[in-house]
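Coordinates in review
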Amino acid sequence: MPVTTLDERTALVVIDLQQGIVAAPRQPHSAAAVIENSAALAHAFREHGLPVVLVRVSFAPDGADQAKGRNEFPFPGGNPPEGWDRIVDDLTGHPEDIHVTKRNWGAFYGTDLDLQLRRRGITQIVLVGIATSIGVESTARAAHEHGYHVTLAVDAMTDSDAEAHQHSISRIFPRLGETGSTAEIVELLAATR
């Protein structure tokens, strides 16, 4: 379902647009295109006095706070490079933004994201970021389960695998909310404010 409406109290939630994640190859959209579209949405939200939440993933130097468990695709070992978890410059420099640090795929579990949104009366979130099938999808699922209306800006997200991105866009997101382009969301935001 294409995006139809934005609630009066909608927040933009930006997932993992940080130095170490945007540096990796991405498909089907480049990280630069995702950053550009996310920054355009952030600008529009700030212009309308609506919250922008910048979510980053980070871990303790010894990795003790990383999710544990057996899987077939283990997390790379070693220490990440200095500054890998720093939000990209295109989105920083706005003291009114909300900052959330997560240690899991999704931005709700183990963070104060839900508390930050509820205290501001937020009823809807617009999601953007990297990776579509991991951090964005996990956060969208949890947002839906928490009772938020969910909108996904599909040209402001990307993945390491184009098929995984497409699967999330076509099969998962329509069950969780509405999808639209950056331009459609900015236009709807301008028309409803």
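Residues numbered from 1 in each chain as written. Predicted model: local features only at pLDDT ≥ 70, side-chain atom pairs only at ≥ 80, totals over all residues. Heavy atoms only, no water.

1. A look at the packing of aromatic side chains
- Counted according to the given criterion, the structure contains 2 aromatic pairs.
- Seen in terms of ring centroids, phenylalanine 59 and tryptophan 84 are 6.3 Å apart; in terms of plane orientation they differ by 15°. Their pairing is stacked. Residue phenylalanine 59 is found in the loop between β2 (52-57) and β3 (98-102), and its partner tryptophan 84 is found in the loop between β2 and β3; the two are separated by 25 residues along the sequence.
- Here tryptophan 84 falls in the buried class, since its relative accessible area comes to 14%. (Phe/Tyr/Trp six-rings, centres within 6.5 Å; stacked < 30°, edge-to-face > 60°. Helix = DSSP H or I, 4+ residues; strand = E, 2+ residues; numbered from the N terminus. Buried < 20%, exposed > 50% of the residue type's maximum accessible area, 1.4 Å probe, protein only.)

2. Some remarks on the pattern of salt bridges
- Following the criterion strictly, the structure yields 6 salt bridges and no others.
- A salt bridge links aspartate 97 to arginine 46; the shortest N-O distance between them is 2.7 Å. Of this pair, aspartate 97 sits in the loop between β2 and β3 while arginine 46 sits in helix α2 (residues 31-47), and the two are 51 residues apart along the sequence.
- Under the relative-accessibility criterion, arginine 46 is labelled buried at 17%.
- Arginine 141 is paired through a salt bridge with glutamate 137; the nearest N and O atoms lie 2.9 Å apart. A residue pair is termed a helical-turn pair when its members lie 3 or 4 positions apart in one helix, as arginine 141 and glutamate 137 do in helix α4 (residues 132-145) at 4 residues.
- Looking at glutamate 137, the relative accessible area reads 10%, which means it is buried. (Salt bridge = Lys/Arg side-chain N within 4 Å of Asp/Glu carboxyl O.)

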